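So you can see what is in the structure, the chains are spelled out below.
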Amino acid sequence: GAGVSQTPSNKVTEKGKYVELRCDPISGHTALYWYRQSLGQGPEFLIYFQGTGAADDSGLPNDRFFAVRPEGSVSTLKIQRTERGDSAVYLCASSLEGQLFTEAFFGQGTRLTVV
Amino acid sequence: GNSVTQMEGPVTLSEEAFLTINCTYTATGYPSLFWYVQYPGEGLQLLLKATKADDKGSNKGFEATYRKETTSFHLEKGSVQVSDSAVYFCALNSGYSTLTFGKGTMLLVSP
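So, a few notes on the structure that sits alongside this text. (Residues numbered from 1 in each chain as written. Chains lettered and ligands numbered in written order. Predicted model: local features only at pLDDT ≥ 70, side-chain atom pairs only at ≥ 80, totals over all residues. Heavy atoms only, no water.)

Describing the overall build of chain B
Here is step 1 of the chain: When helices and strands are tallied, chain B shows zero helices and 12 strands.
Here is step 2 of the chain: Walking chain B from its N terminus toward its C terminus, one meets helices and strands in the order β-β-β-β-β-β-β-β-β-β-β-β.
Here is step 3 of the chain: Radius of gyration (C-alpha) of chain B: 13 Å, near the 13 Å computed for a compact globule of 111 residues.
Here is step 4 of the chain: Taken along its principal axes, the extent of the C-alpha atoms in chain B is 45 × 25 × 20 Å.
Here is step 5 of the chain: Among the 111 residues that make up chain B, the fraction classed as buried is 48%.
Here is step 6 of the chain: Put simply, 55% of the contacts in chain B that link residues at least 6 apart link residues at least 24 apart.
Here is step 7 of the chain: Distance between charge centroids for chain B: 8 Å, based on 8 positive and 10 negative side chains. (Helix = DSSP H or I, 4+ residues; strand = E, 2+ residues; numbered from the N terminus. Rg over C-alpha atoms; globule rule 2.2 N^0.38 Å. Buried < 20%, exposed > 50% of the residue type's maximum accessible area, 1.4 Å probe, protein only. Contact = heavy atoms within 4.5 Å. Lys, Arg positive; Asp, Glu negative; His and termini not counted. Charge placed at Lys NZ, Arg CZ, Asp CG, Glu CD.)

Side note on the state of the cysteines
Here is step 1 of the chain: Under the criterion given, the structure shown has two disulfides over all chains.
Here is step 2 of the chain: Sulfur-sulfur distance for the disulfide between Cys-23 of chain A and Cys-92 of chain A comes to 1.9 Å. Between Cys-23 of chain A and Cys-92 of chain A the sulfur-sulfur dihedral comes to about -70°; the bridge is accordingly left-handed. Pair noted here: Cys-23 of chain A is in strand β3 (residues 19–24) and Cys-92 of chain A is in strand β9 (residues 88–95), with a separation of 69 residues, a long-range link. Considered together, Cys-23 of chain A and Cys-92 of chain A belong to a single accessibility category, that of buried residues.
Here is step 3 of the chain: Residue Cys-23 of chain B pairs covalently with Cys-90 of chain B via a disulfide, S to S 2.0 Å. Here Cys-23 of chain B and Cys-90 of chain B share a disulfide; its torsion about the S-S bond, -70°, makes the bridge left-handed. (Disulfide = S-S within 2.5 Å.)

What to know about the sheet that holds strand β8 (residues 62–65) of chain B
Residue and element names in this part refer to chain B.
Here is step 1 of the chain: Strand order in the open sheet formed by four strands is β3-β9-β8-β7, and the pairing between neighbours is antiparallel. Of all strands in the sheet, those with a lone pairing partner are β3 (19–21) and β7 (56–59), marking the two edges. Averaged over all adjacent pairs, the angle separating strand axes in this sheet is 20°, with direction ignored.
Here is step 2 of the chain: Pairing between β8 and strand β9 (residues 75–77): three bridges, direction antiparallel. Looking at the pairing, Phe-62 lines up with Lys-77 of β9. (Pairing = 2+ DSSP bridges. Axes fitted to C-alpha atoms, helices over the stretch in contact; angles between N-to-C directions.)

Focus: the interface of chain B and chain A
Where interface size is given, it is often the accessible area lost as the parts come together that is meant.
Here is step 1 of the chain: The interface of chain B with chain A comprises 21 residues on the first partner and 20 residues on the second.
Here is step 2 of the chain: Contact between chain B and chain A buries roughly 1,600 Å² in total, counting both sides, with carbon and sulfur atoms accounting for 56%.
Here is step 3 of the chain: Across the chain B-chain A interface, the total number found is zero salt bridges.
Here is step 4 of the chain: If you look at where chain B meets chain A, you find one residue pair in polar contact (both at pLDDT 80 or more).
Here is step 5 of the chain: The dominant element in the side of chain B that touches chain A, judged by the number of residues it contributes, is strand β5 (residues 32–38) of chain B, at four residues.
Here is step 6 of the chain: Among the residues forming the side of chain B that touches chain A, the class breakdown is eight nonpolar, 10 polar and three charged. (Buried area = accessible area lost by both parts, 1.4 Å probe. Salt bridge = Lys/Arg side-chain N within 4 Å of Asp/Glu carboxyl O. Polar contact = N/O pair within 3.5 Å; in protein donor to acceptor, adjacent residues only side chain to side chain. Nonpolar A, V, L, I, M, F, W, Y, C, P; charged D, E, K, R; others polar.)

It is worth stressing that arrangement in space is one thing and function is another; only the former is reported here.
So, in structure tokens, the structure goes:
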């Protein structure tokens, strides 16, 4: 596609449930990033993939959060035993290479609401 | 650690007014600095960037100068339009492939 695609655009789940959020990056982009944006805050880094491997997962808040990118393209962010505090907009971005000056293109995000 | 502080919004201006959104940062090393914009209903878009001290980034009439001595990267525009209404995020990249963002500043421009 022309841009970064994230699905679903909205997700409502019950506390304790498992959710998966999908990101389809721009074709050919080797670097992929996940960020989380809480209400009134800027995006916060979660994890960065270079190809299939997680180059930096230091932003994942705890072991309930996990992300994969098995073929170096689509990525899935997985959240186990969701909590109300996980409610936020989850943003995905991709870039040609994970380097300093390469522009990262963002998707529109998935709004997750845990009730 | 790295951090970015932006002026709180909303900033409310009339069309053709002068805009300044302040941004200061704390970082190790020599970061690159960015302004991203989020229009209503759209994803974050890179507005402009500067990669070293005294560089000026510019795009769509917006400008920002990388001031190392004051650790600032203030966003300016000489004459805003209604279509500039959006949320603006200042961000830095300090040697890793990730961005540290400020909290964002909402700009509302009225006709």
